[in-house]
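Residues per chain are reported as follows:
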Amino acid sequence: MGAASCWYSFVVAMAIVLSCWPQAASSELYRKSHSDSNGGSSYKYTNYHTYDNYGVGTRRSPATPATNHRMREKKLLDIILGNGTYDRKIRPSTVDDKGSQEMNYTKVIINIMIRSINKIDDYHMEYSVQMTFREQWKDDRLKYTNEGGKIKYLTLTETDKIWMPDLFFKNEKIGHFHDIILPNTYIRIFPEGEVLYSIRISLTLSCPMNLKLYPLDTQVCELLMASYGWTTEDLVFKWEDKDPIQVNKNLHLPRFTLKEVVPKYCNSKTNTGEYSCLKVNLFFKREFSYYLIQYYIPCCMLVIVSWVSFWLDQYAVPARVALGVTTLLTMSTQNAGINQSLPPVSYTKAIDIWTGVCLTFVFGALLEFALVNYACRSDLQREKMNKQQQLHRRRWDPELLQGTRAEGGVCGPLPSAPPPPPLDDLLHHPSSSSSPSHHHSRHLHHHHYYSGRRGSPEDEYHSFVRERMENGVPTFAMRPLVGSFREGGAAPGACEVHLARSPGRSSTGNCIKLWLSKFPTRSKRIDVIARITFPLVFALFNMAYWSAYLPEEKKQV
């Protein structure tokens, strides 16, 4: 009985063991597969079975669990950077290209991508640029195995974990990094120990400019990079052999064109040693079309408008003064606006010559009107004096007097019927000719004679004699050798004098004099001469200006 019960207990125990064994086997398989995937080892489980609660096995399809390489990268970074094996304060050494000799200095390869150039400020002599800056060097302490090519490089976002070159920008004014959305920087570590550092930065750099040919100039702005503390014995910067500087194809500037980008070397020596330096020359060609529309054409128009004064009537004083002053003030304002956007330099710029000459022409047009006004008043005064002299000549010239009598409607010979008064009577009043009453009588006689009124022959004769009294003694002037010409032609028997032309006198001068004789007054002649002289001189100035500066512009390119 006891044996039977023991046998029965053994059978029940075996049944329980057999029912629990498939679940345990399945759990062990899952655990092993999961742990191997995290550790980096890969096992393929094929042709295995799972069992249900009743111990019935079913065949599963083969599968390979996914490998998490990021965890593997973290472990590699912990291996090469952790446990005190790497010191970021120690500069790495460099092996030459042949790989046989270790060099004392560290070689850093530089390349740049220019993303945009925001502005070029002429007044402050600076420009702003946004770029991607890259450095590449080799650090043998960072070597690792790439797991059969499955890990190309390790990415590190913290720049303070490894050694970095102490590069700085020598001509920097303002600079900042970009942190939106995350800091725009990364470090890549390759299996052979090569390190690539990339960062996006924005800089405002100084750019000394030579504005002598402004706005026909080409400016060369520099980007200077150098080591701050390591000399050339410790650190050397080199440009990348192939395409060291890349420029965005969609780069556009408002008033400039980027003509060329040239990388160069510029090692600098100071009291503390020689430092490695790299330089980028950016050639900016100024777009002349903007300045032609904004500066040159308006100045030309103002100069031409000032010439309208030459075609206005010389008596239109308010119109000519208003036109001259308005153009002068407008030209001065234009000149001030141009200089406001430029720095106060000690030399003369091309635009200064242009605006200065245009301002001189406008001011000259205003002075021309002042000269015309003066000449007009002089012409009126001269005409008045000529009339007075003509009247005076008619009183003592018999032939002119005869013509005057004929013009006044009086016919016949000069009054000679009454005999002259006795000389004693004339000498009896010697002071009559010089007395104030006599001067007053002469003034009245002038007015009486000019008005065309005629008295009796005796009165005309007495006035004729009285006008020729000098110190109480009558004197009579001699008749001229050459008879005076009246409108009707020469007097009968008059002598004609013919002057020979000098051999050195040109016919061109005679033509000019003949042409100017068509204009009766000097003020009109000045206006006519200014209409020709001002445009001609301005055209000659334009020819000289553009022939001098356009070749210089091409030489810069």
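The protein is annotated in an unreviewed UniProt entry as Glutamate-gated chloride channel from Scylla paramamosain. What the UniProt record of the protein gives under Subcellular location (unreviewed entry) is the line "Postsynaptic cell membrane". Quoted verbatim from the Sequence similarities (unreviewed entry) field of UniProt, the annotation for the protein is "Belongs to the ligand-gated ion channel (TC 1.A.9) family. Glutamate-gated chloride channel (TC 1.A.9.4) subfamily."

A.B. asks: Looking at this model, I keep getting lost on the overall build of the protein. Mind explaining?
C.D. replies: Within the protein, the secondary structure is distributed over eleven helices and 22 strands. A total of 557 residues make up the protein; the buried ones form 34% of that total. Counting contacts in the protein only where the partners sit at least 6 residues apart, residues at least 24 apart contribute 73% of the total. Just so you have it, the protein exposes about 35300 Å², and 58% of that area is on carbon and sulfur atoms.

A.B. asks: Got a minute to help me understand the packing of aromatic side chains in this structure?
C.D. replies: Ring pairs (aromatic) are described by centroid distance and by the angle formed between their planes. For the coordinates displayed, the defined rule picks out 26 aromatic pairs. The interplanar angle of 90° and the centroid separation of 5.0 Å between the aromatic rings of Tyr290 and Tyr291 together place this pair among those described as edge-to-face. With a centroid separation of 4.9 Å and 90° between ring planes, the pair formed by Tyr545 and Trp546 is classed as edge-to-face. A relative accessible area of 3% means that Tyr545 is categorised as buried. In this structure an aromatic cluster arises from ring pairing among Phe288, Tyr296, Trp307, Phe310, Trp354, Phe361, Phe534, Phe538, Phe541, Tyr545, Trp546 and Tyr549.

A.B. asks: What is the right way to look at the side chain of Gln130 in this model?
C.D. replies: With respect to the helices, strands and loops of the structure, Gln130 is situated in strand S6 (residues 126-138). Within the structure, Gln130 has its side chain in polar contact with the side chain of Arg200 (distance 2.6 Å). When residues no more than four places from it in sequence are discounted, the contact partners of Gln130 are Met113, Ile114, Arg115, Ser116, His178, Arg200, Ile201 and Ser202.

A.B. asks: What is the right way to read helix H4 (residues 317-340) from this model?
C.D. replies: Three or four residues apart is the spacing at which side chains of an α-helix point the same way, because the helix has 3.6 residues per turn. Its 24 residues give H4 an end-to-end C-alpha distance of 35 Å, which sits within 8% of 34 Å, the value for a rise of 1.5 Å per residue. Residues of H4 that are buried include every one of Arg320, Leu323, Gly324, Thr327, Leu328, Met331, Gln334, Asn335 and Ile338, and no others.

A.B. asks: Just checking my understanding: could you explain the sheet that holds strand S8 (residues 167-169) for this structure?
C.D. replies: Two orientations exist for strands paired in a sheet by backbone hydrogen bonds: parallel and antiparallel. Read from one edge to the other, the open sheet built from four strands follows the order S8-S12-S18-S15, with strand pairing classed as antiparallel. At either end of the open sheet lies a strand with only one pairing partner, and these are S8 and strand S15 (256-265). Each neighbouring strand pair of the sheet contributes to a mean axis angle of 20°, computed without reference to strand direction. By the bridge criterion, three bridges tie S8 to strand S12 (residues 218-227) in an arrangement that is antiparallel. Counted as the bridge partner of Phe169 is Met225 from S12.

A.B. asks: Quick question: what am I supposed to make of the state of the cysteines here?
C.D. replies: Considering all chains together, one arrives at two disulfides under this definition. The disulfide partner of Cys207 is Cys221, and the gap between their sulfur atoms is 2.0 Å. Where Cys207 bonds to Cys221 through sulfur, the torsion about that S-S bond is close to -85°, and the disulfide is left-handed. With Cys207 in the loop between strand S11 (194-206) and S12 and Cys221 in strand S12, this pair connects stretches of sequence that are 14 residues apart.

A.B. asks: How should the pattern of salt bridges be read in this particular structure?
C.D. replies: Any two side chains of opposite charge can pair, on the condition that their charged atoms come close. Taken as a whole and judged by the stated rule, the model has 13 salt bridges. Among the salt bridges present, the one from Arg286 reaches Asp122, with a minimum N-O distance of 2.9 Å. One end of the pair, Arg286, is in strand S18 (residues 277-286); the other, Asp122, is in the loop between strand S5 (106-121) and S6, and 164 residues separate them in sequence. Of the two residues, Arg286 and Asp122, neither departs from the other in class, the shared state being buried. With a closest N to O distance of 4.0 Å, Lys143 and Asp140 form a salt bridge. It is possible to trace a salt-bridge network through shared partners that takes in Asp122, Asp217 and Arg286.

A.B. asks: Looking at this model, I keep getting lost on the UniProt feature "transmembrane region" (unreviewed entry) in the protein. Mind explaining?
C.D. replies: The positions that UniProt labels "transmembrane region" (unreviewed entry) are, in the present scheme, residues 6-25, 288-312, 353-376 and 528-548. A distance of 36 Å separates the end C-alpha atoms of residues 288-312, which is 76% helix and 0% strand.

A.B. asks: Where do I start with the nonpolar core in this structure?
C.D. replies: As a rule of thumb, soluble globular proteins bury nonpolar side chains together. With 82 residues, the main nonpolar core has Ile112 and Ile162 as its most contacted residues. The residues touching Ile162, leaving out its near neighbours within four places in the chain, are Leu81, Tyr86, Arg88, Trp137, Leu142, Leu156, Ile187 and Val195.

A.B. asks: Got a minute to help me understand the confidence of the model for the protein in this structure?
C.D. replies: In the predicted model, the protein carries a mean pLDDT of 76, and 65% of its residues have values of at least 70. Note on residues 21-65: pLDDT is under 50 here. Beyond four places in sequence and across chains, it has 29 contacts. Across residues 475-494, where pLDDT falls below 50, the model places 20 contacts with residues more than four positions away in sequence or in other chains.

A.B. asks: How should the packing of helix H3 (residues 288-306) against helix H11 (residues 522-556) be read in this particular structure?
C.D. replies: A pair of packed helices can be characterised by two numbers: the angle between their axes and the separation between those axes. Put simply, H3 and H11 touch, their axes get as near as 13 Å, and they point 160° apart. Relative to H11, H3 is oriented roughly antiparallel. At the point where H3 passes H11, the crossing takes the right-handed sense. On H11, the residues touching Phe288, Tyr296, Cys300 and Val303 of H3 are Phe538, Tyr545 and Trp546. Residue composition of the contact of H3 with H11, grouped by class: seven nonpolar, no polar and no charged.

A.B. asks: Where do I start with H11 in this structure?
C.D. replies: For H11, which comprises 35 residues, the first-to-last C-alpha distance of 51 Å matches the rise-based estimate of 51 Å (1.5 Å per residue) to within 8%. Of all bends in H11, the biggest is about 25°, found at Ala530.

A.B. asks: Sorry if this is basic, but what is going on with the packing of H3 against H4 here?
C.D. replies: At a closest axis distance of 9 Å, the pairing of H3 and H4 adopts a crossing angle of 165°. Of the possible angle classes, the one that applies to H3 and H4 is roughly antiparallel. Taken as a pair, H3 and H4 cross one another with a handedness that is left-handed. Mapping the contact onto sequence places Gln294, Tyr295, Pro298, Cys299, Leu302, Val305 and Ser306 in H3 and Leu323, Thr327, Thr330, Met331, Gln334 and Ile338 in H4.

A.B. asks: Would you explain a nonpolar patch on the surface in this entry?
C.D. replies: A contiguous nonpolar patch, built from Leu292, Ile293, Ile297 and Met301 and spanning about 370 Å² of accessible area, is present on the exposed surface. Along the chain, the position of Leu292 falls in helix H3. Residue Leu292 is classed as partly exposed on the basis of its relative accessible area, which comes to 32%.

A.B. asks: Is there a simple way to explain unusual backbone geometry in this structure?
C.D. replies: Generally, phi is negative for residues other than glycine and the peptide bonds are trans, each holding for most cases. Here Ile180 and Ile181 are connected by a cis peptide whose omega angle stands at -5°. Within the secondary structure, Ile181 is located in the loop between strand S9 (172-177) and strand S10 (185-189). A cis amide bond links Tyr214 with the next residue in sequence, Pro215, at an omega value of 5°. Locating Pro215 in the fold gives a position in the loop between S11 and S12. Here the phi dihedral of Met125 falls at roughly 55°; this positive angle occurs in a residue that is not glycine. With respect to the helices and strands, Met125 occurs in the loop between S5 and S6.

Rules and cut-offs
Residues numbered from 1 in each chain as written. Predicted model: local features only at pLDDT ≥ 70, side-chain atom pairs only at ≥ 80, totals over all residues. Heavy atoms only, no water. UniProt positions renumbered as here; feature names shortened; annotations may be inferred. Helix = DSSP H or I, 4+ residues; strand = E, 2+ residues; numbered from the N terminus. Buried < 20%, exposed > 50% of the residue type's maximum accessible area, 1.4 Å probe, protein only. Contact = heavy atoms within 4.5 Å. Areas by Shrake-Rupley, 256 points an atom, 1.4 Å probe, with all protein chains shown as cover. Phe/Tyr/Trp six-rings, centres within 6.5 Å; stacked < 30°, edge-to-face > 60°. Polar contact = N/O pair within 3.5 Å; in protein donor to acceptor, adjacent residues only side chain to side chain. Expected span 1.5 Å × (residues − 1). Pairing = 2+ DSSP bridges. Axes fitted to C-alpha atoms, helices over the stretch in contact; angles between N-to-C directions. Disulfide = S-S within 2.5 Å. Salt bridge = Lys/Arg side-chain N within 4 Å of Asp/Glu carboxyl O. Core = buried A, V, L, I, M, F, W, Y, C linked by side-chain atoms within 4.5 Å. pLDDT = per-residue confidence, 0-100. Parallel < 35°, antiparallel > 145°, perpendicular 65-115°, else oblique. Left-handed = near helix turned anticlockwise from the far one by under 90°. Nonpolar A, V, L, I, M, F, W, Y, C, P; charged D, E, K, R; others polar. Bend = angle between axes of the 7 residues up to and from the residue. Patch = residues over 30% accessible without salt bridge, like charges linked within 9 Å, V, L, I, M, F, W, Y side chains within 5 Å.

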